[in-house]
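Inside the fold
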Amino acid sequence: QVQLVESGGGLVQAGGSLRLSCTASGGTFSRYAMGWFRQRTGKEREFVASISANGGSTRYSDSVKGRFSISRDNAKNTVSLQMNGLKPEDTAVYYCAAGTTAQAIFITEYDYWGQGTQVTVSS
């Protein structure tokens, strides 16, 4: 059983930055590809970014490419999402997820999920 806990969410003005972190416990962290998803009010949960188990490859949704950056530290069992140039439409609950599919982008490809952290971007 893998447990994931997100942190770092909060309120920021448009154009600002936030760094989200996710700490994993249980399982073998280095075995899992990690992903970040977000869910806006009234919308389906959507893919944001993913990183391969060894950190060698990353993928991003078109909406965040060039603004967000995903990274991981397998020694510390953590994955982070650096968010720059935030926009009001980035407002959502952000979820960390772990899966065995390399660089997975679909919700069904992930096995474990955190509880989420709220990110609110004011205009």
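Up top is the structure these notes are about.
The rules we used
Residues numbered from 1 in each chain as written. Predicted model: local features only at pLDDT ≥ 70, side-chain atom pairs only at ≥ 80, totals over all residues. Heavy atoms only, no water. Helix = DSSP H or I, 4+ residues; strand = E, 2+ residues; numbered from the N terminus. Contact = heavy atoms within 4.5 Å. Buried < 20%, exposed > 50% of the residue type's maximum accessible area, 1.4 Å probe, protein only. Pairing = 2+ DSSP bridges.

A few points about the environment of Leu4
In this structure, Leu4 sits in strand S1 (residues 3-7). Remark: the alpha-carbon pair of Leu4 and Gln82, spanning 78 residues in sequence, is separated by 18 Å. Discounting residues that sit within four places of it in the chain, Leu4 has contacts with Cys22, Thr23, Ala24, Met34, Cys96, Ala97, Ala98, Tyr112, Trp113, Gly114 and Gln115.

Some points on the pairing of S1
Burial of the side chains of S1 is restricted to one face: Leu4 and Glu6 are buried, whereas none of Gln3, Val5 and Ser7 on the reverse face is. Examined bridge by bridge, S1 and strand S3 (residues 18-25) share five bridges and lie antiparallel to one another. Within S3, the position partnered with Gln3 by the bridge is Ser25.

Section: the environment of Gly66
Within the secondary structure, Gly66 sits in the loop between strand S6 (58-60) and strand S7 (68-73). For the pair formed by Gly66 and Gly27, sequence separation is 39 residues and the distance between their alpha carbons is 32 Å.

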